[in-house]
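# A closer look at the structure
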Amino acid sequence: MKLKSKILLHDHNHDGLDRRGFLECMAWAGTGMLWTVTGGLLGSAILPGRASAAPMMGGTFNFVQISDSHIGFNKDANKDVAGTLKEAIARINALPEPPDFILHTGDLTHLCEAEEFDTLDQLLKGLKTSQIFYVPGEHDVIGDNGKKYLERFGKGTKGRGWYSFDHKGVHFIGLVNVMDIKENGLGILGGEQLEWLKDDLSGRSSETPIVVFAHIPLWTVYPEWGWGTSEGAQALSYLKRFGSVTVLNGHIHQTMKKVEGHVTFHTAMSTAFPQPEPGKAPKPGPMKVEAGKLRDYLGITEVNYTEGKGALAIVDATLA
Amino acid sequence: MRRWLSIAEISEMKLVFKILIVSASAIIIGLAGVRAGEETSVRLPPAARLGRTLFLKNCAHCHADDATGDEGPDLHGLTRSDEWIARRIRDGKKGQMTAFGEKFSPKDVDALIAYLRTLK
């Protein structure tokens, strides 16, 4: 698996990761970078190759994030989104250490059609990992306020599909920020979900590593294109006291990373098609790239956690 | 012959001047609002206003905020009948457009059509 040469380093404590310039500090699709969080302090390292090539030590686990499969999309940017999802599945199945589970951060479908959900379900049956956790993207709920999505993936969830679970000492929280999105496209969590989140976190030790996943970025990436969540700051205020928080999102179809205090934000590549860099096109949307380059922009994200050490590593890998 | 103004007269003039300034500011701000919002709140009839809100939240994703088209087509100057447009909104087009029949009420569909008809 190739990793593109553009690899960025950030040492949050000393390298002056400039908030004003964070958009310039983003790691674009295809880059690979190892993030470690120990006791809430972040460090980083260049990936010499596939991070998964390193043997897993005892007391560790890994999981994989995939996002924005857009089953049903058939325009020029990628006329075979089922095919590229299959390639992503093959990559996951080929990992030396099988992931404990998969997170899909939404936009499973493109048009919210029943057949698209069914196709996705069939394709994901090709994963060797059977446990998959979902959150919806706006495409999954746009036609029916999430009826079809919740029928399939809403079992055991709260409210309009949010939930949490624990895995080997890490607390995972799946948030839904795509119901009733605002006119400007920004995501919205809603009072009921925010109350639930506050309650879900109350009483938990601040040493508990937290992973939050939702479709639209919880941090403000580029509000002009609706790439952010209007109540994201409020949600994040509940997470401030925790020493290690990782926020995983999709929606923008490109990798981007930012660190604020003990919180690491990360967005994943799509398995379907890329979108332009913020502000570098008149508007967001499917971006057609040079023939043969599509897979440089599509990919998966692997996350490794080491129990006891509080270490969390996020690794992006393209399909190229 | 020049006459000095009393303190009371000066105070009254100041008050009138302040009122004029405030009024002028309000008019300027109001005009700017009309320009910035264009058809949003002032020029659109109520049904089309609701339609515009629904459009921005549901349709702009594919047809662009200004409805000039993106992944979906430009929606200006539609020549199809209201019935045809309503059916397309409700049923969608397989593989091309989401069906909104489970989401939009008949009133919502009417509002959307009212908005689309303002797009010349």
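Cut-offs used in this document
Residues numbered from 1 in each chain as written. Chains lettered and ligands numbered in written order. Predicted model: local features only at pLDDT ≥ 70, side-chain atom pairs only at ≥ 80, totals over all residues. Heavy atoms only, no water. Helix = DSSP H or I, 4+ residues; strand = E, 2+ residues; numbered from the N terminus. Buried < 20%, exposed > 50% of the residue type's maximum accessible area, 1.4 Å probe, protein only. Contact = heavy atoms within 4.5 Å. Areas by Shrake-Rupley, 256 points an atom, 1.4 Å probe, with all protein chains shown as cover. Pairing = 2+ DSSP bridges. Right-handed = clockwise from strand over helix to strand, strands pointing away. Phe/Tyr/Trp six-rings, centres within 6.5 Å; stacked < 30°, edge-to-face > 60°. Lys NZ or Arg CZ within 6 Å of the ring centre and 35° of its normal. Buried area = accessible area lost by both parts, 1.4 Å probe. Salt bridge = Lys/Arg side-chain N within 4 Å of Asp/Glu carboxyl O. Polar contact = N/O pair within 3.5 Å; in protein donor to acceptor, adjacent residues only side chain to side chain. Axes fitted to C-alpha atoms, helices over the stretch in contact; angles between N-to-C directions.

### Looking at the overall build of chain B
For chain B, the count of helices and strands is five helices and zero strands. Each helix and strand of chain B, ordered N terminal to C terminal, gives the series α-α-α-α-α. For chain B, buried positions account for 28% of its 120 residues. Taking as baseline every contact in chain B between residues at least 6 positions apart, the subset at least 24 positions apart corresponds to 46%. Element-wise, carbon and sulfur atoms account for 61% of the exposed surface of chain B, whose accessible area totals about 8,200 Å².

### Quick look at the pairing of strand E7 (residues 170-174) of chain A
Residue and element names in this part refer to chain A. Across the five residues of E7, five count as buried, placing the element largely inside the fold. The alternating pattern of E7 places Val 170, Phe 172 and Gly 174 on one face and His 171 and Ile 173 on the opposite face, and all of these are buried. Hairpin connection between strand E6 (residues 163-167) and E7: a loop of two residues separates the two successive antiparallel strands, and Lys 168 in this loop has a positive phi of roughly 50 degrees. Bridging between E7 and strand E8 (residues 210-213) involves four bridges; their strand directions are parallel. Of the residues in E8, the one forming a bridge with Gly 174 is Phe 213. As for the winding sense of the linkage, the β-α-β connection from E7 through helix H5 (residues 191-201) to E8 is right-handed.

### Details of the packing of aromatic side chains
Applying the stated rule across the entire model yields 23 aromatic pairs over all chains. Seen in terms of ring centroids, A:Phe101 and A:Phe165 are 5.6 Å apart; in terms of plane orientation they differ by 85 degrees. Their pairing is edge-to-face. Here A:Phe101, found in the loop between helix H1 (81-93) and strand E4 (102-104), pairs with A:Phe165, found in strand E6; they are 64 residues apart in sequence, far enough to count as distant. Classification of A:Phe165 as buried rests on a relative accessible area of 13%. An aromatic cluster of three or more residues is present, and its members are A:Phe61, A:Phe63, A:Phe101, A:Phe133, A:Tyr163, A:Phe165, A:Phe172, A:Phe213 and A:Tyr305. Sitting over the face of the ring of A:Phe265, A:Lys258 holds its NZ or CZ atom 5.6 Å from the ring centroid. Over the ring of B:Trp84 we find B:Arg80; its NZ or CZ atom is 4.1 Å from the centre of that ring.

### Let's talk about the interface of chain B and chain A
Taken residue by residue, the interface counts 20 residues in chain B and 25 residues in chain A. Summed over both partners, the interface of chain B with chain A buries about 1,900 Å², with 44% contributed by carbon and sulfur atoms. Summed over the three residues of chain B that lose the most area to chain A, namely B:Lys57, B:Glu71 and B:Glu102, the buried surface amounts to 31% of that side. For A:Glu115, the salt bridge goes to B:Lys94, with nearest N and O atoms at 3.1 Å. Taken together, chain B and chain A are joined by twelve residue pairs in polar contact (both at pLDDT 80 or more).

### Examining the sheet that holds E8(A)
All names here are of chain A. Judged by pairing direction, the sheet is mixed, and its six strands sit side by side in the order E6-E7-E8-E9-E11-E10 without closing on themselves. A strand with exactly one partner marks an edge of an open sheet, and here the two such strands are E6 and strand E10 (256-260). Averaged over all pairs of adjacent strands, the angle between strand axes in this sheet comes to 15 degrees, irrespective of strand direction. Each of E6, E7 and E8 touches H5; the most contacted strand, E7, lies at about 175 degrees to it.

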